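Close look at the chain arrangement
Residue-level listing of the chains:
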Amino acid sequence: MNLDRKVDEVAIYITGVKLKRNRQVQESLHTKMFWQGEAVQLRQQLQYLQQSHRQLLGEELFGLNVNELQNLETQLETSLKGVRIKKEQGLTNEVKELHHKGSLVAHENKELHKKLNLLIQEHAELKEKMIFTSQAYQLHCNNNELHAHISLQLSQPQPQKNYLPTETMKLGLQLNSKTC
């Protein structure tokens, strides 16, 4: 009895393994068929997209009827409008940016003109002061002597002594001048 029971258990186990393997094979086949179907579908979509792309480029139009050509033309016009709108937005943004930069440059130019005018005014004031000072100096000199009197006198050097003098030694040249 034990042997029959063992044989039955082994037979049930083998049947279970076979069923499990059959399910796995079926699932594998089902998965394989699914992915093959997906691959076929993706190839068809790729071919359609490539054909549409060529038609949008104006190529391979020979098999299209009038309605299909009209639809293609409408699609192209819609796409072109989108491109133009995008281009206009880009140009508008560039113009705004250039106007902003232009106003900054104009403001900086205005500030530089103010600084330049201040420097010109300061230069003119300094020039006036210099002319006035020069004229006053000339008047002062004209009122005093026109010629400076210079007198040079030579004297003998003082003999040196062994001790430190309280006064510094005087050299033999004296200059007396009266100048403006």
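Owing to the predicted nature of the structure, the values given are computational and were not obtained by experimental measurement. Here, residues in each chain are numbered from 1, in the same order as that chain's written sequence. Local features are withheld for residues below a pLDDT of 70 in this predicted model, meaning they are given only at 70 or higher, and side-chain atom pairs are given and counted only at 80 or more; totals for whole chains, interfaces and linings count all residues. Excluded from the side-chain calculation are hydrogens and water; included are all heavy atoms of the structure.

1. With respect to the overall build of the chain
For the record, the criterion: Secondary structure is summarised from DSSP: a helix means a run of H or I of at least four residues, a strand means a run of E of at least two, and numbering begins at the N terminus for each. Burial classification: accessible surface area is computed with a 1.4 Å probe over protein chains only, and a residue below 20% of its type maximum counts as buried, one above 50% as exposed, and the rest as partly exposed. By definition in these notes, contact holds between two residues if any of their heavy atoms fall within 4.5 Å.
When you go through the chain residue by residue, the secondary structure sums to 2 helices and 2 strands. Ordered by position in the sequence, the α and β elements of the chain form the string α-α-β-β. For the chain, buried positions account for 3% of its 180 residues. Taking the intrachain contacts of the chain between residues at least 6 apart in sequence as the baseline, contacts between residues at least 24 apart amount to 41%.

2. Overview of the pattern of salt bridges
To keep it simple, the criterion reads: By convention in these notes, a salt bridge is any Lys or Arg side-chain nitrogen within 4 Å of a carboxyl oxygen on Asp or Glu.
Tallied over the entire structure, the rule returns 3 salt bridges. For Arg 54, the salt bridge is made with Glu 60, and the minimal N-O distance between the two is 3.0 Å. Using a relative accessible area of 26% as the deciding quantity, one classes Arg 54 as partly exposed. Notably, a salt bridge pairs Lys 114 with Glu 111, separated by 3.7 Å at the nearest N-O pair. With a gap of 3 residues between them, Lys 114 and Glu 111 both fall in helix α2 (residues 66-143), about one helical turn apart. Taking relative accessible area as the criterion, Glu 111 reaches 31% and is therefore assigned partly exposed.

3. Remarks on the packing of aromatic side chains
For the record, the criterion: Here a pair means two rings of Phe, Tyr or Trp (six-membered ring of Trp) with centres within 6.5 Å. Their orientation is stacked below 30 degrees between planes, edge-to-face above 60, and tilted elsewhere.
Under the criterion given, the structure shown has 1 aromatic pair. Geometrically, the ring pair formed by Phe 34 and Trp 35 is edge-to-face, given 5.0 Å between the ring centres and 75° between the ring planes. Residue Trp 35 is classed as exposed on the basis of its relative accessible area, which comes to 53%.

4. Quick notes on helix α1 (residues 2-56)
Where we set the bar: To estimate how far a helix should reach, multiply one less than its number of residues by 1.5 Å.
Along its 55 residues, α1 runs 80 Å from first to last C-alpha, staying within 8% of the 81 Å computed at 1.5 Å per residue. Gly 58 sits one or two residues past α1 and shows a positive phi near 85°.

5. Focus on the confidence of the model for the chain
Keep in mind that low pLDDT regions are not for reading the predicted coordinates in detail. Put simply, the test is: For every residue, the pLDDT score states the predictor's confidence, bounded by 0 at the bottom and 100 at the top.
When pLDDT is averaged across the chain, the result is 83; 78% of the residues are at 70 or more. Across the chain, the element-wise mean pLDDT spans from 51 in strand β2 (residues 173-177) up to 91 in α2.

6. Focus: the layout of surface pockets
Put simply, the rule is: The rule is simple: put a 1 Å grid over the protein atoms alone, call a set of points where a 1.4 Å probe fits but cannot get out a cavity, call an open set with protein on both sides within 12 Å along at least five of seven lines a pocket, and count a residue as lining if it has an atom within 4 Å of a point. Grid points are joined across faces, edges and corners, and a volume is the space filled by probe spheres set on the points. Put simply, Ala, Val, Leu, Ile, Met, Phe, Trp, Tyr, Cys and Pro go in the nonpolar bin, Asp, Glu, Lys and Arg in the charged bin, and everything else, Gly too, in the polar bin.
The volume enclosed by the second largest pocket comes to roughly 160 Å³. Considering the residues around the second largest pocket, the lining is formed by Tyr 48, Ser 52, Gln 55, Leu 56, Leu 64, Glu 68, Asn 71, Leu 72 and Gln 75. For the lining of the second largest pocket, the per-class residue count stands at 4 nonpolar, 4 polar and 1 charged.

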